[in-house]
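# An overview of the molecular structure
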Amino acid sequence: MKNFAFYLLFFGGCIPALFAQKQKDQPAEAVASLPDKTIRFPHRSLNIDSVISMKSSVTIKGQRVPYTVTAGTIPVWDENDKPVAGVFFTYYERSDISDRSSRPLVFSFNGGPGTPSVWMEIGYTGPRILKIDDEGYPVQPYGMKDNPYSILDVADMVYVDPVNTGFSRPVNEEVPRKKFFGVNADVKYLASWISTFISRYKRWASPKYLIGESYGTTRVSGLALELQNAQWIYLNGIVLVSPTGLGIERGGVMDAALLLPYYAATAWYHKVLPPDLQQKDLTAMLPEVEKFTIDEYLPALTRGGSLPATERKRIAEKVARYSGLGIKAVLQNNLSVHTDFYWKELLRDKGYTIGRLDSRYLGVDKKDGGDRPDYNAELTAWLHAFTPAINMFLRDELNYKTDLSYNMFGNVYPWDNENDRTGENLRQAMAQNPNLHLLVQSGYYDGACDYFNARFNLWQMDPGGKLQDRMSWEGYRSGHMMYLRKEDLATGNQHLRDFILRTIPRQGKGAKYGRE
């Protein structure tokens, strides 16, 4: 998730120094807290090195899978080996496996950059997921249920909450924010934290994977190279769910042009395309729009004011045809329609706005006039469902004891976006490591991290085409969190399962490039 300015500003306005209580009344299986790692404050304390554990089981694809879930904190250390923060995590480990040397381990991150790993943990890959309807809308009573599609049958999973998200916090307010809150600082401390986790849980032999969603894709792309270069940890796979631009240069004209296929998908969903397009299936219709985008729309936008009037009109008619907008609106916006305007305009005559992160969601504004929606219809629905569920899961099911607020949106600003080369970092990591593979998952109705920009990432990351056999892309008929739709929850997890299984090298096979 990115650019939720109104939430970030809210949290930035009042950030109390919240710290967790020391763990107590833990289950018998809990690992003892280390008293010397407790940072004390007048009313609360944060134990930055403590965990609790619980055993459970889930049925996945008809098979009973027993597991141990461990939740708690591991410290972040500074360059002088002093603890500067506690990072909260939840670790799911299949418990009927004795030899973990070939058992995959997946580290999962979400985005924001100020959100925790809750979204994919209880929405996508974890063994327990929140109760929602089949299209992803909130239902009451709130709660959790088993996930029959979880990838826990084939891999153990660690869900990581970066500093100031979830229950993760700095040890005190004196720790410089620049240690955590920036593209490269974020990657550096998390790589070190991952190394600590791997050592503590004896997972050095395991095949290792990272999965990130939204800004989490920026995070894991940078981590791929940082882990190799600074921690000497080599991965088998990276999964990017609803990826950002990964620092890959586009520019205004390119940004505008690449949005058109997303507009066409959204218009198709809302049944506002011309009949000849509407009658086609989504994936049969989109190639025509994609071809127009590359062959005609992008060159036309590049010409700007020099485009002849007759050609301008022809392009406007095509853009209107594919986007579901009127020709007049396209011309008034100089052929380049901003997303805010699109979300407000597409169903304006019906009295609705559409969602930013998932265009299937509808909103109702105070007035139909204006250039942008009053609020993000999809985000309010998701917070409605996820916030009670994660608190019920951690506090009630796992019995994790703390008075801390679980930050769904934490204060991580100002965030340093300088020198974002994460797409190039990922390419370099893949070039250096012949065992490293990439899977990208995109929702067709995601307007924040749209599917065509995700494909553009793959083209530009590997302009020579040398890595294409290790890159794959999958599209889903939903939005940013495509897994909230039940059909895509099942399909997406199966794609993950297949990806993990096919990227574990054959025993004894060397990691090398071969000559033809």
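In the block above lies the structure referred to throughout.
We now turn to the structure provided with this report. (Residues numbered from 1 in each chain as written. Predicted model: local features only at pLDDT ≥ 70, side-chain atom pairs only at ≥ 80, totals over all residues. Heavy atoms only, no water.)

## So, the overall build of the chain
- When helices and strands are counted, the chain shows 15 helices and 16 strands.
- Each principal axis of the C-alpha atoms in the chain carries an extent, and together these give about 75 × 65 × 50 Å.
- Evaluated residue by residue, the chain yields a buried proportion of 57% over its 516 residues.
- Between the centroid of the 61 positive side chains of the chain and the centroid of its 58 negative side chains there is a distance of 2 Å. (Helix = DSSP H or I, 4+ residues; strand = E, 2+ residues; numbered from the N terminus. Buried < 20%, exposed > 50% of the residue type's maximum accessible area, 1.4 Å probe, protein only. Lys, Arg positive; Asp, Glu negative; His and termini not counted. Charge placed at Lys NZ, Arg CZ, Asp CG, Glu CD.)

## Some thoughts on the packing of aromatic side chains
- The final tally for this structure, using the stated rule, is 34 aromatic pairs.
- When the centroid spacing of 5.7 Å and the interplanar angle of 85° are considered together, the rings of Tyr92 and Tyr159 count as edge-to-face. Of this pair, Tyr92 sits in strand 5 (residues 83-94) while Tyr159 sits in strand 9 (residues 156-161), and the two are 67 residues apart along the sequence. Of the two residues, Tyr92 and Tyr159, neither departs from the other in class, the shared state being buried.
- When the ring of Phe180 is compared with that of Phe181, the centres are 5.8 Å apart and the planes differ by 55°; the resulting orientation is tilted. When sorted by exposure, Phe180 lands in the same class as Phe181, which is buried.
- Following the ring pairs from residue to residue traces out a cluster consisting of Phe89, Tyr91, Phe107, Trp193, Phe197 and Tyr201.
- A cation over an aromatic ring shows up here: Arg455 above the ring of Trp473, its NZ or CZ 5.2 Å from the ring centre. (Phe/Tyr/Trp six-rings, centres within 6.5 Å; stacked < 30°, edge-to-face > 60°. Lys NZ or Arg CZ within 6 Å of the ring centre and 35° of its normal.)

## Section: the packing of helix 8 (residues 282-303) against helix 9 (residues 309-323)
- Close contact between helix 8 and helix 9 brings their axes to 11 Å; oriented N to C, the two are set at 150°. The chirality of how helix 8 crosses helix 9 is left-handed. Residue-level contacts link Glu288, Val289, Phe292, Glu296, Tyr297 and Ala300 of helix 8 to Arg314, Ile315, Lys318, Val319, Arg321 and Tyr322 of helix 9.
- Residue composition of the contact of helix 8 with helix 9, grouped by class: seven nonpolar, no polar and five charged. (Axes fitted to C-alpha atoms, helices over the stretch in contact; angles between N-to-C directions. Left-handed = near helix turned anticlockwise from the far one by under 90°. Contact = heavy atoms within 4.5 Å. Nonpolar A, V, L, I, M, F, W, Y, C, P; charged D, E, K, R; others polar.)

## Some words on the nonpolar core
- Formed by 99 residues in total, the largest nonpolar core has its most connected members in Phe107, Trp193, Ile238 and Leu438.
- Core analysis: the next-biggest nonpolar cluster, separate from the first, contains 61 residues, Ile129, Trp382, Leu383 and Ala389 among them. (Core = buried A, V, L, I, M, F, W, Y, C linked by side-chain atoms within 4.5 Å.)

## Some remarks on the pattern of salt bridges
- Counted according to the given criterion, the structure contains 32 salt bridges.
- A salt bridge links Glu93 to Arg203, with the shortest nitrogen-to-oxygen separation between them at 3.9 Å. You can see Glu93 sitting in strand 5 and its partner Arg203 sitting in the loop between helix 3 (183-200) and strand 11 (208-213), a full 110 residues away along the chain.
- The salt bridge partner of Asp349 is Lys350, with a shortest N-O separation of 4.0 Å. Exposure class is identical for Asp349 and Lys350. Each is exposed.
- Through salt bridges that share partners, Glu135, Asp358, Arg360, Arg485, Glu487 and Asp488 make up one connected network. (Salt bridge = Lys/Arg side-chain N within 4 Å of Asp/Glu carboxyl O.)

## So, the pairing of strand 16 (residues 471-476)
- Here six bridges tie strand 15 (residues 437-443) to strand 16, and the two strands are oriented parallel to one another. Across the sheet, the residue bridging to Leu438 is Met471, located in strand 16.
- Running through helix 14 (residues 451-461), the crossover from strand 15 to the neighbouring parallel element strand 16 is right-handed. (Pairing = 2+ DSSP bridges. Right-handed = clockwise from strand over helix to strand, strands pointing away.)

## Let's talk about a nonpolar patch on the surface
- On the surface, Tyr352, Leu362, Val364 and Tyr375 cluster together into a nonpolar patch covering about 350 Å² of accessible area.
- Mapped onto the secondary structure, Val364 falls in the loop between strand 14 (362-363) and helix 12 (377-397). (Patch = residues over 30% accessible without salt bridge, like charges linked within 9 Å, V, L, I, M, F, W, Y side chains within 5 Å. Areas by Shrake-Rupley, 256 points an atom, 1.4 Å probe, with all protein chains shown as cover.)

## Concerning the pairing of strand 4 (residues 63-77)
- Judged by how many residues are buried, strand 4 sits mostly within the fold: twelve of 15 residues are covered.
- Note: strand 3 (residues 50-60) against strand 4, eleven bridges, orientation antiparallel. Bridged to Ser56 within strand 4 is Tyr67.
- Following strand 3, the chain reverses through two residues before pairing antiparallel with strand 4; Lys61 in that reversal takes a positive phi of roughly 55°.

## A few points about the side chain of Asn164
- Considering the arrangement of structural elements, one finds Asn164 in the loop between strand 9 and strand 10 (169-170).
- Overall, Asn164 belongs to the buried group, its relative accessible area being 8%.
- Engagement of the side chain of Asn164 in a polar contact is seen with the backbone oxygen of Asn411, the distance being 2.7 Å.
- Residue contacts for Asn164: discarding those within four places in its chain leaves Arg169, Pro170, Arg177, Phe181, Asn407, Gly410, Asn411 and Val412. (Polar contact = N/O pair within 3.5 Å; in protein donor to acceptor, adjacent residues only side chain to side chain.)

## Some remarks on helix 6 (residues 260-269)
- Across the ten residues that make up helix 6, a large majority, nine, are buried.
- Taken residue by residue, helix 6 has Leu260, Pro261, Tyr262, Tyr263, Ala264, Ala265, Thr266, Ala267 and Trp268 as its buried positions.
- A positive backbone phi angle near 60° is found at Lys271, which sits one or two residues after helix 6.

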